[in-house]
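# Inside the fold
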Amino acid sequence: MPKWVDLNQVDDDELLLKKNRMSKSLVLSEVSDAADAMEDDFLDTMEPAKKSMTIFFLIDVSGSMKGTKIGSLNGTMEELLPSLIGVGEASTDVKIAIMKFSTDVEWVTPEPVRIEEYQYWNRLEAEGLTFMGDAFMELSRKLSRSTFLNSPSLSFAPVIFLLSDGSPNDDWKKGLETLKQNKWFQHGLKIALGIGSKVNMEVLRAFTGNDELAVQAKNADQLRELIKLLAVTSSQIGSRSLALVDNSGAQPGEEVIAKAKQQVLVEEIRTGTRDILGEAVDLDAVNYDEGW
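### Some thoughts on helix α9 (residues 254–277)
- An ideal rise of 1.5 Å per residue puts 34 Å on 24 residues; α9 measures up with 33 Å between its terminal C-alpha atoms.
- Restricting attention to buried positions, one finds in α9 the residues I257, A258, K261, L265, V266, I269, G272 and T273.
- Residues of α9 that are buried make contact with α6 (183–187), β7 (189–195), β8 (214–217) and α8 (220–238).
- One or two steps after α9, the chain reaches G278, where phi turns positive at roughly 90°.

Next up, the structure:
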């Protein structure tokens, strides 16, 4: 199995050698690469002048969020929006797409919007049941070149952030299985935040596919700090290039890049959540829902 090296972390002489190897490889494969570029692959684009990446927020606004929970979330999102400006590389546009779901599923943003142009938060209200399976199905429909991801310059897989305080009231497993067939979802960064003591963390862990990327907030202060940590960190990692090569100078495919970014995110989140939540916590012993 090849060992991938991040070119951002090697010295200049080694970097030059690896780049020379990559150049030879590119010359030899130029014709076949040109033919492959005609295929309708989900991330297959011409080299864009301006790259872009979309962060999706899937927000549970069911009745159990009513009151101080939805109030805390609204206040936090208002504070978060300015923090997302500039999280990408200079050559990358970061966009935001927001879905709210309860008994119904609705896009707050009719299409992804550049974060610089979306600095006013439309405060959400809570009512109804938790139809998370429907939300997953709707997200899968929008994760497509023919809908939300139709920008010709789109080159980074999305960041997908799920926030919920309860358990689904519909067939969430069917919705998630459909979503898992979507290649954008497969290669995107998935994170989830459980709000309060009654959230079904097993569902959130199934969504992320990684236990460390599903985090639980026990009070309003933790909710505020964790949303900022998760959203900003995942956006920074998702919207930057990883210059990976193996020993022969070959570049990895999207699956390898996705796994590498996920590992970087896990390491960053592990440190940040420890600072916010403290060391390992006995969840049965803590006083949940403080201030809610």
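Alright, that's what it looks like, and here's the rest.
### Observations regarding the nonpolar core
- Counting residues in hydrophobic clusters, the biggest one holds 44 residues, and the most contacted among them are F57, I59, F161, L163 and L193.
- Elements with a contribution of two residues or more to this core: β2 (51–60), α3 (68–83), β3 (92–101), β6 (159–164), β7, β8, α8 and α9.
- Sorting elements by how many residues they give to this core places α8 first, with 8 residues.
- With sequence-adjacent residues up to four places away left out, F57 is seen in contact with M77, L80, I96, A97, I98, M99, F161, L163 and A231.
- Core analysis: the second largest hydrophobic core is formed by 27 residues, A97, L149, L179 and A192 among them.

### With respect to the environment of S140
- Of note, S140 is situated in helix α4 (residues 132–142).
- Given the relative accessible area of 13%, S140 is considered buried.
- Put simply, S140 and L176 are 36 residues apart on the chain and 9.0 Å apart in space, counted from C-alpha to C-alpha.
- Excluding its chain neighbours within four sequence positions, the residues that come into contact with S140 are T178, L179 and N182.

### Observations concerning the side chain of T233
- Positionally, T233 belongs in helix α8.
- Looking at T233, the relative accessible area reads 10%, which means it is buried.

### Describing α8
- Look at α8: 27 Å from first C-alpha to last across 19 residues, which is about the 27 Å you get at 1.5 Å a residue.
- Among the residues of α8, the N-terminal cap falls to N219, whose side-chain oxygen and the backbone nitrogen of D221 are separated by 3.2 Å.

### As for the environment of M53
- In this structure, M53 sits in strand β2.
- Sequence-wise, M53 and D93 are 40 residues apart; in three dimensions their C-alpha atoms are separated by 6.4 Å.

### Comments concerning the packing of α4 against helix α5 (residues 172–180)
- Their axes nearest at 7 Å, the elements α4 and α5 cross at an angle of 15°. As the angle between them shows, α4 and α5 are arranged roughly parallel. As for the relative orientation of α4 and α5, their crossing is left-handed in sense. Taken together, the residues of α5 that come into contact with α4 (itself represented by G133, F136, M137, L139 and S140) are W172, K174, G175, L176, T178 and L179.
- Here the contact of α4 with α5 is built from residues that sort into 6 nonpolar, 4 polar and 1 charged.

How each quantity is defined
- Residues numbered from 1 in each chain as written.
- Predicted model: local features only at pLDDT ≥ 70, side-chain atom pairs only at ≥ 80, totals over all residues.
- Heavy atoms only, no water.
- Helix = DSSP H or I, 4+ residues; strand = E, 2+ residues; numbered from the N terminus.
- Expected span 1.5 Å × (residues − 1).
- Buried < 20%, exposed > 50% of the residue type's maximum accessible area, 1.4 Å probe, protein only.
- Contact = heavy atoms within 4.5 Å.
- Core = buried A, V, L, I, M, F, W, Y, C linked by side-chain atoms within 4.5 Å.
- Polar contact = N/O pair within 3.5 Å; in protein donor to acceptor, adjacent residues only side chain to side chain.
- Axes fitted to C-alpha atoms, helices over the stretch in contact; angles between N-to-C directions.
- Parallel < 35°, antiparallel > 145°, perpendicular 65-115°, else oblique.
- Left-handed = near helix turned anticlockwise from the far one by under 90°.
- Nonpolar A, V, L, I, M, F, W, Y, C, P; charged D, E, K, R; others polar.

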